[in-house]
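# Close look at the chain arrangement
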Amino acid sequence: ISLVGNFNQWNPEHDYLHKDRNGIFKLRKKLRPGEYLYNYIVDGEKILDTYNSETRHRVETDELSSYLKVIDDKISSLWNFSVNLSICSQVGENSV
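Attention here is on the structure that accompanies the text. Everything quoted here is computed from the prediction, not taken from an experiment.

### Remarks on the side chain of Asn39
Positionally, Asn39 belongs in strand 4 (residues 34–42). A distance of 2.7 Å separates the side chain of Asn39 from the side chain of Ser65, its partner in a polar contact. Not counting residues up to four positions away in its chain, the partners in contact with Asn39 are Ser2, Leu3, Val4, Trp10, Lys46, Ile47, Leu48, Leu64, Ser65 and Ser66.

Take a look at the structure:
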């Protein structure tokens, strides 16, 4: 599982999530203040962040992406990203 977004030029090889002992895939990433669009790549397919209801339309690809706005006076903020595959599977099954 990887994290792609406008913070890493949508490159799936830049930010890999790591599985913890509870089966949750996690990544901690520093982000500067700004607005970000992102998706997860799971088994080669883009998915939205199931823990974040904020989304935006990505014009250049005509796709929906998760949206994050970092407002902070510090130089950068540490963000936790996580994916629970059992939730992703349930979402996929319910949307059919």
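So much for the structure itself; the text now carries on.
### As for the packing of aromatic side chains
A complete count under the given rule lists four aromatic pairs for this structure. A ring pair is formed by Phe7 and Tyr36, whose centres lie 5.8 Å apart and whose planes are at 65°; its orientation type is edge-to-face. Here Phe7 is found in the loop between strand 1 (2–5) and strand 2 (18–19), whereas its partner Tyr36 is found in strand 4, with 29 residues between them in sequence. Take Phe7: its relative accessible area is 16%, and that puts it in the buried class. A centroid spacing of 5.3 Å and a plane angle of 75° characterise the contact between Tyr38 and Phe81, whose relative ring orientation is edge-to-face. Taken together, the positions of Tyr38 in strand 4 and Phe81 in strand 8 (residues 77–84) put the pair 43 residues apart, joining distant regions of the chain. A single burial state applies to Tyr38 and to Phe81, both of which are buried. Put simply, the rings of Phe7, Tyr36, Tyr38, Tyr40 and Phe81 pair up and form one aromatic cluster.

Calculation rules
- Residues numbered from 1 in each chain as written.
- Predicted model: local features only at pLDDT ≥ 70, side-chain atom pairs only at ≥ 80, totals over all residues.
- Heavy atoms only, no water.
- Helix = DSSP H or I, 4+ residues; strand = E, 2+ residues; numbered from the N terminus.
- Polar contact = N/O pair within 3.5 Å; in protein donor to acceptor, adjacent residues only side chain to side chain.
- Contact = heavy atoms within 4.5 Å.
- Phe/Tyr/Trp six-rings, centres within 6.5 Å; stacked < 30°, edge-to-face > 60°.
- Buried < 20%, exposed > 50% of the residue type's maximum accessible area, 1.4 Å probe, protein only.

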